[in-house]
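Commentary on secondary and tertiary structure
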Amino acid sequence: MARYLGIDASTQSLTGLIIDSDRREIVAEASIQYDDYFADSYGVKNGVVDQGDGVVNCNPLMWVEALDLLLNTLRREGHDLSSVAAVSGSGQQHATVYLNEDALPALAGLTPDKPLSSQLAGIFSHQSSPVWMDSSTTQQCREIETAIGGTEALLKLTGNPAFERFSGPQIRKFFQQEPKAYERTTHIALVSSFIASLLAGSVVPLEPGDASGTNLMDIHRRAWSERALAATAPGLDERLAPIVPSGRPVGVVHPYFISRYGFADGCIVAPFSGDNPCSLIGLGMVEPGQVALSLGTSDTLFACLNEPRPSSTGEGCIFASPDDLHYLALTCFMNGSLARDAIRRQYGLNWASFEDYLAQTNPGNEGKIMLPYFEPEIVPKAPAGIIRRGLGDTEIAANVRAVVEAQAMSSRLHSKWMGVDISSLYITGGASANDEIAQVFANVHGCPVIQGETTNAAAFGAALKAYKAHRQELGWSSIVESFQPSNPRRIDPDPATRSVYDDLINKFSELETRSNIG
Ligand code: ADP
Ligand code: XUL
């Protein structure tokens, strides 16, 4: 019997998911919600600390504590970790972890009699990790683009223009604002490679899926670009572990995890990738043309591509797929669950009543529209601020519908650059369990929405990645096919809503333009 563990270190939680390759099913799923455990000790809300002025970060020691908690939980729930042949994972993309010279010996020398956090508290050269919600690096973005020869040049080299949340601009800001701490930094990891490093007890390589969210990777060679590194910060090449293929093991679990949690000696650690790249795999998208929607903290719409075809409109990102062959085109909307949650809380609702309000209101919302920028929006680029048209603040039901319709229309408008025909949408993420939300997306896109077996495709994709690393001889198609849900839930669009949304989307687009957004 072979089992594989996928760990998703996402914005709001750390999830562990175990698959059984003989039974071809998910046998365990457990999550540690950061706010439940760390609101006081690390001051997090929705998993992060919002410092104001676009600065959003998190103490990386929280993720360390969460790993012990998660593995304890899996054990307590009776899951035998000795049957896990390999572990891989996914992380919220772009966030960086800064390590000092004590990191390597501390990781290698972990002893099982103390928790990780008490042994690793001193390994950071920077006590806060900027996360993907940080938007404070506009100046660094422009500097990097200029040094490379302009936006087009960076786009051609890395597949992406400089985005505020990407790791390169964040690293440059750290180097500029805290040069002494940068000097003390021996390794810079991503959340993904950091969690993998904890498991392996050494600083492990990165893989192309998450490395492509840094503005530092040559997207064609799937290797660090010396030009991009030089444009970002001095001595960066010495501080970054190499990029290796996503499907190749990078180590075995450290004895700490064998003694404490019963992992088998020799259990493989495969490289961790980003949450969106792992969701691509978890949703079975290993062929070009398929499109998916993740309704997590952010909403992301992404497609599998043959070629790294960048967005000429500056709306999208190109990442390498962890299948080590294809690419991932992605549009990221900051105000996903963040905005739905804000509306839910504003009107004192739970998810059931939120869903009821959606069911009770008419598609098209009688023409009432909202631009729901509770936080500064990534696409279209816009400062924080809620704009309502024909919509009163006190109309609960209409506000609930307006926020979801806005998100669905925005995802339709701002995914055109991908050049793919969206004939169905696979969905994942916390809000994908909500049928009424899924129905709005199906109606607005005019295509069926397909719900998978788990709302955590990132952790599932990570577990599949672990399977692949252990069984290198297997092709990706056969791996994802063997785990295809036998009876996926499909939500069909209501054809009567087609003309409603064709009309409303024009008004929505006009409102975006008139609001000087983009
Ligand atoms: P992330 O991976 O970014 O941490 P998740 O994919 O775990 O996020 O999604 C978490 C979010 O899912 C929560 O913030 C919450 O707003 C949303 N969520 C959970 N259940 C529901 C539901 N039934 N309806 C709508 N949203 C939900
Ligand atoms: C993608 C992005 C977010 C994070 C958090 O570019 O910034 O989707 O990966 O989920």
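In case you missed it, the structure is sitting above this.
The sections below set out a description of the structure shown in this document.

In this section: the pattern of salt bridges. Applying the stated criterion across every chain yields a total of 16 salt bridges. A salt bridge links Glu25 to Arg23; the shortest N-O distance between them is 2.5 Å. Residue Arg23 is classed as partly exposed on the basis of its relative accessible area, which comes to 49%. When the shortest N-O distance is used, the salt bridge between Arg388 and Asp393 registers 3.3 Å. The exposure class of Arg388 is partly exposed, given its relative accessible area of 26%.

The end-to-end C-alpha distance of helix α21 (residues 498–514) is 24 Å, a good match for the 24 Å that 17 residues give at a rise of 1.5 Å each. Buried within α21 we find Tyr501, Leu504, Ile505, Phe508, Leu511 and Glu512. For α21, the arc enclosing every buried residue in end-on projection is 125°, short of the 170-degree limit, so these residues lie on one face. Across from the buried face of α21, at angles greater than 90 degrees, the exposed residues are Ser499, Thr513 and Arg514. Elements that come into contact with the buried residues of α21 comprise β19 (369–373), β20 (385–389), α17 (396–413) and α18 (435–445).

Let us look at the site of ligand 1. Every one of the 13 residues lining ligand 1 counts as a neighbour, but Ser10, Thr297, Asp341, Gly430 and Asn434 are closest to it. In the environment of ligand 1, an oxygen atom lies 3.0 Å from a nitrogen or oxygen atom belonging to the side chain of Gln12. At 2.6 Å, a side-chain N or O of Thr297 approaches an oxygen atom of ligand 1. Protein chains bury 78% of the 590 Å² of accessible surface belonging to ligand 1 in isolation. Of the residues assigned to the shell around ligand 1, the class counts are three nonpolar, nine polar and one charged. Both domain 1 (3–276) and domain 2 (284–451 + 486–518) contribute no fewer than three residues apiece to the shell around ligand 1.

Basis of the calculations
Residue indices follow the written sequence of each chain, beginning from 1 at its first position. Chain A is the first chain written and ligand 1 is the first ligand written, with later ones labelled in order. Owing to the predicted nature of the model, reporting of local features is limited to residues with pLDDT of at least 70; listing and counting of side-chain atom pairs is limited to 80 or more, with chain, interface and lining totals taken over all residues. Processing note: side-chain calculations cover all non-hydrogen atoms of the structure and skip hydrogens and water entirely. When a carboxyl oxygen of Asp or Glu lies within 4 Å of a side-chain nitrogen of Lys or Arg, that pair is called a salt bridge. Only protein chains enter the accessibility calculation, which uses a 1.4 Å probe; a residue whose area is less than 20% of its type maximum is buried, one above 50% is exposed, and one in between is partly exposed. Working definition: helices are DSSP H or I runs of at least four residues, strands are E runs of at least two. Numbering for both runs from the N terminus. Working rule for helices: expected span equals 1.5 Å times residues minus one. The directions from the helix axis to the C-beta atoms form the arc being described. By the convention used here, residues are in contact when the closest approach between their heavy atoms is within 4.5 Å. Residues are classed as near a molecule or strand on a simple rule: at least one heavy atom within 4 Å of it. Whenever two N or O atoms come within 3.5 Å, that pair is a polar contact, provided that in protein one can donate a hydrogen and the other can accept it, and provided that, for residues adjacent in sequence, both atoms are side-chain atoms. Accessible areas in this description were obtained via Shrake-Rupley with a 1.4 Å probe; residue shielding takes into account the shown protein chains only. In this classification, the charged set is Asp, Glu, Lys and Arg, the nonpolar set is Ala, Val, Leu, Ile, Met, Phe, Trp, Tyr, Cys and Pro, and all remaining amino acids, among them Gly, are polar. In this entry, domain limits derive from an automatic or database-based domain assignment.

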